[in-house]
Structure formats: structure tokens, C-alpha cells
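Chains, contacts and geometry: an overview
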Amino acid sequence: MATLFRDLRYALRGLTRNPGLTAVALATLALGIGANTAIFSVVDGVLLRPLPYANPERLVTRENNLSAPELADVAVMARAFESVGGAALQPYDLKVGAEPVQGVSAMASGALFETLGARAMLGRTLTKDDDVPGGERVVVLGNAIWKREWNGDRTIVGKTILLAGAPWTVVGVMGPEFVLPDRKVDLYTPLRVTYPPGGSDRDVHFLRPLFRLKPGVTREAARADLAAVFAELGRLHPETDKGLDPTLLPLLDDVVGDSRRALAILIGAVGLVLLIACANLANLQLTSVSARSGELSIRAALGASRRRIVSQILAESALLAVLGGALGYLLSVWGVAALLSRFPEALPRLGNVAANGRVAAFTFAASLITSIVFGLAPAWQAASGRFAGALASSRSASQRDSGRLRGALVVAEIALALVLLVGAGLLLRALRQLQGIRPGFDAEGVLAAHIDLPESRYPEEPAQLTFRHALLDSLAAEPGVHAAMVSEVPLSGNELSHAFIIDGALPIAPGDEPSLWSRSVMGDYFGTMHIPLRAGRLLNDADRRGAPLVGVVNEAMARTYFPHANPLGSRLRWVRDSKVEWITIVGVVGDVRHFGLAEGEQPALYSPYEQFGRGWKRWGELVVRGPGGPAAVERLVRRKVRALDPLLPIARLRGMREIVGESLIRQRFNAELLSIFAAAALGLACVGIFGVMWSTVRRRRAEIGVRMALGAGPSRVVREVLGQGLRLIALGIGIGLAAAFALTRLMASLLFGVPPTDPATFLGVALLLGAAALLACWIPARRASRVDPMVVLRAE
């Protein structure tokens, strides 16, 4: 132990004797370890931390929703599950203070909390006895809204609150750790009390199912059991339950979705940054060892063993790693905070990302491994036993070996940096391709406001229509304002589909009918959004209740179902309607990118709100285009809504440009992070080659002086030094291009409109890296050309 402390004290003195080199080394380490720690924090919060439920490994789900009767049948008929629950989200309005607020509630089946294994912090959770038609209106509050609206009142249980104008009794408050899987929910109400029709309609597939496996039951066995249940339901109810997919997913896999691949690529990227940092540090240590060859030779001559010299070199590396790791940890905390503030919704479960014991342990392990990795090369150099010659010659074998090793490390740095730069270039090109896509509507100057009419005040369709007409008429009375409503605005993540048949088409077996996306509109929606008319006419004020049912289809619908015919005048109907009503197609409009800029439009039908005839469709998006900018339009919308219904809150009031931008948040997240890592790698590689060439010039200073004394001009010296650096650069770029060609294929799923081996990106990155590295070589070359041969010869 005494020897260790002695080595550490000697290492500390050695580091303080060369503050410039130490500062560069610490900055390099902090960058490499900090980037890795920051990404590990994200991986830990998103992928590694278990879901906050009892025995989360036994929780499974399926990709598609189920109806409440289907969920109830599975709970009775399946033998593999200990419990079955489900939930559906709906907006609510709540008035506690002066202004009404709107949030999200979960309509929960009676077994939801039992399935998740969750208990209330105060009071109780919902049970099966609560989830019955005509049951009492009881509510469980989420922890965040309890603190925000009721200041954490611990006597709230048993009190009455107003939701959508109706009284509800608070029976419980959940703890701060409880959340629904990947869903932000403020409160929980019983499904069959909140929405009685949803509890009995087999065709309303709106519940996200959650299944808790019995102990010892595998997912494969549960899938087989569920397949048998679905087959029986398909036989009993072919119109609604035919062809249900029994595939089950671990709940965590369903929550994180496709973010695993993106995180895997980011992990690989920061790993490369750390490798480059290690190579850089090894180069710095080799330079230090080479500069201290005389000192080490004297120590060896005085009896210091090879083991003692190696241990002291490794002690310096370990001390640097510890200090750099501490700085890296602080850098990661700042980086994660910046990441969460800029991309709060880029990945699921980002709210779990935080510094903790595991992150600190990772930082310590990364520092330890780094000290070993970058300390091996200088330790090997120190153990080579060639110090004696260093006293006799500045061109010792030790220095030649050191020069070759430093050159190899620089080649590796350039190759790794090029791989990262190519990956970042591909993602940036793909993002630019997406940003250049026309969404099918004009987002400039349009504001979208989600309005959900509460059932307590707007239970039937006439009251809903009256409010919508009054709001649109009031807005239209303002100069220059154009307003309309649509049930699902593009790129918002909301959609609704129905099974349909076309009049005159071949008969289709019940349950096999295709689906069509259904969107209700009111006012001049297509004019407000600048969606072009392709054929026929648009919907107008004459398309009211009592008039013949009409609809406008998009081009995708026309292409898919009328590839060789004119769809105008054709009729279709929804097959699950109790009353047979045919809808005549009167127009065709342009496609919009409703589901994402990277995804093409799917067949859809636009129908008037007045003719849809669904009292349960109380939601809608108000779209407004007006003068004065977004702030002025927002004030106008809020004033008009408040004048019609002072209790009605407006949620998610956003510009359409903002909605379009938010649809690309994950692509921007991936591209920006990888670009930051690539820029760090480029900087480290340039520092590395600069250090090697600077060291080379210093080592060859006497030789250069002699050659200049014999007639070599400055330009020739510059060419020779640049030529040496260029050979390293060319070799590194060649190796990097080959590695990038093989590795970027793993990114194919993250790219849109750009092949993973895009020649333009590869060429542009190679030129950028080559130019930057050549500039790093030019500075030492210029120094070499300014050597005064007389000064050098006198020194020799």
C-alpha cells in the first residue's frame, strides 16, 4: 500500500510538471467518459430499469387494442393469465381554480390495478366492483395532479371534485412512482361508469390490454392459450373477432418499441468516441514517455526495476482516469439535463433518466477500463528496456518504436472518426430528406386546438353541432380568419378506422372486410389547410343532417379501390352500423402525410360532422388560419371559446408547423446526438495527428536543421512533413471507409430516402476528415520549416 501511495504522489507531481499535457488529457477523458455515461444514463432509464410494477417480467401485452367484451372474455376463458386488465385514454376538463384545465384520464377496467400489482398511496385503487354499469362515480388521482391542483392535501380521499361538470368522489391517490406504461395520465375512472357504451360494444377496440402471466407460465404457452381463446371468439363473433392476433409482447418491449435499435447505434457511437479518446491518451502518454526517456534511463541505471517503472506509468494513467472520470460524470449530468430539456419526448421512459448508483458505478468502471487501455501502450514502451540508448542518441530504438505505435494509433483514430462522421452524415441527409417532404397541406400560419366536449354538457349530437357551428361562425366573422374542424388532424398520432364495403363489389365474408380511415370535418377544412381538390367537389353547408350522405375520399382510396374506374358517384357504407346507410363519394382530394412524413397516406374518407351521426365523437381539432401571427390567433381562439363555454378548457394548442416538427423529433434526436459524437471524434482525431506530427518534428529537429543547412528549402521541409502525415491520413481514411461500408448497413431502418452506402456522404465525409487532418498536420509542418539550422547545429 505504501508503494501505491508513493507511485500516486510521484504521478501527481509528474502531471503538475506538465500542465498543458495534463489539461488536454483530462479534457479528452472527460469528453469520452462523459459521453458514454450520458448515453448509459439514457439506456439505464429507458431499457434497463424495470417497469414500476410488481413482478414486471410477468406482464405482457399485444400490439393491437381489444374491446371491453373481448377483454372480459379473455379473463374468463384463458387459463394462462393470473389477471387481465385494460385502459383507454380520454381528455377531461377539471375546474379547481379560476381557470378550467384539461388533462388525460384513464378509463380503467376493474382489474387494471390488480393486473399491474399497484397499490394506492392514499385510500384505495379501483376494483371490479367499481367497474359496473350505473356504478358510483369514483376517481383515483395521479400523484402529479394531486400535488399540482390540491397542493398534496392528504385529506382529499372522500372529497368530491368536478370532472366535466359532474361530481366524482376521490377514493385514492397513487404514489409518485406509478405511471401507466408509456402514458401520461392524471387520474383514473371506472370504464363502464365513464363510458357505458364502450363496456358493451364488441366493435370498439379502444382498450390497451395488459396480461399478468401465472407463475411459471411462459409467453409461448400463454400465446397458445390466447390463440385458442381468439379462435373460439372468432367462431362466436366473426363480424368483430375474426382473425385476432394472439402474439404477446413483454410489456417493456412494447413500451420501448423501436427505440432499442437507435439506442444501440448511439451506444456504439459513444463507444467509438471512448476508443478514440483512449488512443489519444495513449499517444499523449507515449509522447510523455518518449520525452522522459533520459530520466527513465537514469532511473534504470540507478537500479529501478522494470516493474517499478511500469507501475509508475500505470499510476499516472490511473490518476488521470480517476480525475477524468469525475469530470466526465459532471459533464454527463449536465449533458443529460440538456438532452431532456431539448428532447423531452424523443424516447419513451425518458422521465426515468437520472444519475443514480448504477450510473456512478458505470462511470467508475469506464474510468478503470480506460486507464488500463490507454496505459498499456506507454507501459509497454516503458518496459521495453531500451532506455540506455536514449542517453546516447535521440533516435533511439525506443523512440522509433514509439513513433510507429503513435502512428498506428492515429490511423485507428482517423478510421473510427470517419465511421462516426459517415453515420452522422447519413442521418443528417435522411433528416433533410424528411424535412423536404411536402405533407400534402400548408402548415404555415395554421393553428390547431384540440377541443373535447364533455359528455355532461354535450351528451347528444345536436348540442355538439350547435357549439361547433357557433364557434366556427364566430371565428369566420373576424376579418381574414379562416377556421374549420377535423376529428383527427394530420401527424397528431390520432386516427379512427371502420370496416366498410363498396356497393356492387363482390360479397365479403363477415370479419374479412377492409378498413377505411374515417375523418369528420366541418367548415372549409380543405381550403383552410390548402389540401387540393383532385376531382368532383368538396363538402359544403348543404351536406347537413337529413340530406343524402356524402363523403370525399383521398387519392390513396381512389388508387386502392378504384384503380381503373372513376370513384365519383360510387357508394360505400360502414358494415358495423345497425342501420344500412350508403355514403356517396362526391370528391377526391390530395393525400396528406397523416401518419408520418416517412409514411405514405392510407385510404381515408372525409365525411361531414353533421352526417356522421355519432354522439360519442365529441372530440375535434379546430384549425385556424388568420392574421397577426400565432400569438394573436391563439388569443382570438381562447376568447371565442371562453365566450361560448367558460368551463371548456383548450388543450394542445399548437401551430401546424410545430406539429410537423414534433413528428420528426426522434429523427432529430438521433441525428443531432450522433453529429455531436462525430464532431467530438473529429476533434480528437485532429488533436491526435497534430500531437504525433508535432512530436515527430520535435524529434527530428536536429535532422531538419542539418538538411536545411545543406540546402533544403522550407517548402521542401513542409512537403515532407505533410507527406508523412498524409500517409497516415490516407491509411486511416481507407480503413475507415471499409469499416463504414460494413457497419452503416445496421442503420438502414433509421434512414429515409438515403441508402446506407450513399456515395455522396462517403466522399464528402472523407474529404472533410482529410482536410481537417491535413490542417492539423500543416501547423507542425510550418514549425519545421522555420527551424534555424545554425541554432540547431550549435545546440548539437
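Everything that follows concerns the structure shown earlier in this document.
All values derive from a computational prediction rather than experimental measurement.

**Regarding the overall build of the chain**
Secondary structure summary: the chain contains 25 helices and 21 strands in total. Going through the 796 residues of the chain one by one, you find that 51% of them count as buried. Carbon together with sulfur atoms contributes 59% to the accessible area of the chain, which is approximately 34,900 Å² in total.

**Section: the environment of Arg-618**
Structurally, the position occupied by Arg-618 is in the loop between α18 (609-612) and β20 (619-625). On the basis of relative accessible area, Arg-618 is assigned to the buried category, the value being 13%. In this structure the C-alpha to C-alpha distance between Arg-618 and Gln-464, which are 154 residues apart in sequence, comes to 7.0 Å.

**Observations concerning empty space enclosed by the protein**
Summed over the entire model, instances satisfying the criterion amount to five cavities of 30 Å³ or more. Of the volumes computed, that of the largest cavity is approximately 110 Å³. What lines the largest cavity is simply Leu-549, Val-550, Trp-574, Asp-577, Glu-581, Ile-583, Ser-607, Gln-611, Phe-612 and Arg-614. In terms of residue class, the lining of the largest cavity is built from five nonpolar, two polar and three charged.

**Some remarks on the packing of aromatic side chains**
On inspection of all chains with the given rule, the structure shows 14 aromatic pairs. Plain terms: the ring middles of Phe-500 and Tyr-561 are 5.2 Å apart, the flat faces sit at 85° to each other, and that makes the pair edge-to-face. Residue Phe-500 is found in strand β13 (residues 497-502), and its partner Tyr-561 is found in helix α17 (residues 555-561); the two are separated by 61 residues along the sequence. Residue classification places Phe-500 among the buried residues on the basis of a relative accessible area of 1%. You can call Tyr-561 partly exposed: its relative accessible area is 26%. Each member of the aromatic cluster is reached from another via a ring pair, and the members are Tyr-53, Phe-113, Phe-178 and Tyr-188.

**What to know about the environment of Leu-272**
Relative to the helices and strands, Leu-272 is located in helix α10 (residues 259-291). Residue classification places Leu-272 among the buried residues on the basis of a relative accessible area of 17%. Setting aside chain neighbours within four positions, we find Leu-272 in contact with Leu-416, Val-419 and Leu-420.

**Quick look at the environment of Val-717**
Topologically, Val-717 is positioned in helix α23 (residues 714-743). Between the C-alpha atom of Val-717 and that of Arg-782, which follows or precedes it by 65 residues, the distance is 8.5 Å.

**Some thoughts on the packing of α23 against helix α24 (residues 759-785)**
Remark: α23 packs on α24, axes separated minimally by 8 Å, with the N-to-C direction vectors making an angle of 155°. Considering the angle they form, α23 stands roughly antiparallel to α24. As α23 packs across α24, the resulting crossing turns out to be right-handed. Across from Pro-714, Val-717, Val-718, Val-721, Leu-722, Gly-725, Leu-726, Ile-729, Ile-733, Leu-737, Ala-740 and Phe-741 in α23, the residues of α24 making contact are Phe-762, Ala-766, Leu-769, Gly-770, Ala-773, Leu-774, Cys-777, Trp-778, Ala-781, Ala-784 and Ser-785. Residue composition of the contact of α23 with α24, by class: 20 nonpolar, three polar and no charged.

**Digging into the pairing of strand β3 (residues 101-108)**
Within a regular strand, the side chains alternate between the two sheet faces. Burial analysis of β3 places six of its eight residues in the buried class, which makes it a mostly covered element. Where strand β2 (residues 81-94) and β3 come together, eight bridges link them in antiparallel fashion. Within the sheet, the bridge partner assigned to Tyr-92 lies in β3 and is Gly-103. Bridge count for β3 against strand β8 (residues 187-190) is four bridges, and the pairing is parallel. Within the sheet, the bridge partner assigned to Ser-105 lies in β8 and is Leu-187.

**So, unusual backbone geometry**
Even without glycine at this site, Asn-151 takes up a positive phi of about 55°. Examined against the element boundaries, Asn-151 turns out to sit in the loop between α5 (143-150) and β6 (160-163). For Asn-151, a relative accessible area of 68% gives the class exposed. The backbone of Arg-349 sits at a positive phi, close to 65°, despite the residue not being glycine. Here Arg-349 is to be found in the loop between α12 (306-342) and α13 (357-382).

**Digging into a nonpolar patch on the surface**
A cluster of nonpolar residues, Trp-694, Leu-775, Trp-778 and Ile-779, forms a patch on the protein surface that exposes about 390 Å² of accessible area. Sorting elements by how many residues they give to the nonpolar patch places α24 first, with three residues. Position of Leu-775 relative to the elements: it lies in helix α24. For Leu-775, a relative accessible area of 53% corresponds to the exposed category.

**Section: the packing of helix α15 (residues 461-476) against helix α19 (residues 629-644)**
Where α15 meets α19, the closest approach of the two axes is 10 Å, and the angle between their N-to-C directions is 135°. In terms of axis orientation, α15 runs oblique to α19. Here α15 and α19 pass one another in a crossing that is right-handed. Touching Phe-467, Ala-470, Leu-471, Ser-474 and Leu-475 of α15 are Leu-636, Lys-640, Val-641 and Leu-644, all from α19. The residue makeup of the contact of α15 with α19, split by class, is seven nonpolar, one polar and one charged.

**Remarks on the nonpolar core**
Soluble globular proteins tend to pack their nonpolar side chains together in the buried interior. In this structure, Tyr-188 and Tyr-525 are the most contacted members of the largest nonpolar core, which totals 125 residues. Of the residues forming this core, the biggest block, 16 residues, is contributed by helix α21 (residues 665-699). Setting aside chain neighbours within four positions, we find Tyr-188 in contact with Ala-106, Phe-113, Leu-126, Val-138, Val-139, Val-140, Gly-142, Met-174, Phe-178 and Leu-180.

**A word on the side chain of Arg-573**
Turning to its location among the elements, Arg-573 is positioned in strand β17 (residues 571-574). When neighbours within four sequence positions are excluded, Arg-573 is seen to be in contact with Ala-499, Phe-500, Ile-501, Val-580, Glu-581 and Trp-582.

**Focus on α15**
The end-to-end C-alpha separation of α15 is 22 Å, in line with the 22 Å expected for 16 residues at 1.5 Å each. Listing the buried residues of α15 in full gives Glu-461, Gln-464, Leu-465, Phe-467, Arg-468, Leu-471, Leu-472 and Leu-475. The arc enclosing the buried residues of α15, seen along the axis, measures out at 160°, which places them on a common side. Exposed and oriented more than 90 degrees from the buried face of α15 are Thr-466 and Asp-473. In this structure, the buried residues of α15 make contact with β11 (446-452), β12 (482-486), β14 (515-523), α18, β20 and α19.

Thresholds applied
- Residues numbered from 1 in each chain as written.
- Predicted model: local features only at pLDDT ≥ 70, side-chain atom pairs only at ≥ 80, totals over all residues.
- Heavy atoms only, no water.
- Helix = DSSP H or I, 4+ residues; strand = E, 2+ residues; numbered from the N terminus.
- Buried < 20%, exposed > 50% of the residue type's maximum accessible area, 1.4 Å probe, protein only.
- Areas by Shrake-Rupley, 256 points an atom, 1.4 Å probe, with all protein chains shown as cover.
- 1 Å grid on protein atoms, 1.4 Å probe; cavity = no way out; pocket = protein on both sides within 12 Å on 5 of 7 lines; lining within 4 Å.
- Points joined across faces, edges and corners; volume = space filled by probe spheres on them.
- Nonpolar A, V, L, I, M, F, W, Y, C, P; charged D, E, K, R; others polar.
- Phe/Tyr/Trp six-rings, centres within 6.5 Å; stacked < 30°, edge-to-face > 60°.
- Contact = heavy atoms within 4.5 Å.
- Axes fitted to C-alpha atoms, helices over the stretch in contact; angles between N-to-C directions.
- Parallel < 35°, antiparallel > 145°, perpendicular 65-115°, else oblique.
- Left-handed = near helix turned anticlockwise from the far one by under 90°.
- Pairing = 2+ DSSP bridges.
- Patch = residues over 30% accessible without salt bridge, like charges linked within 9 Å, V, L, I, M, F, W, Y side chains within 5 Å.
- Salt bridge = Lys/Arg side-chain N within 4 Å of Asp/Glu carboxyl O.
- Core = buried A, V, L, I, M, F, W, Y, C linked by side-chain atoms within 4.5 Å.
- Expected span 1.5 Å × (residues − 1).
- Arc of directions from axis to C-beta.

As far as function goes, none of this settles anything; it's purely spatial.
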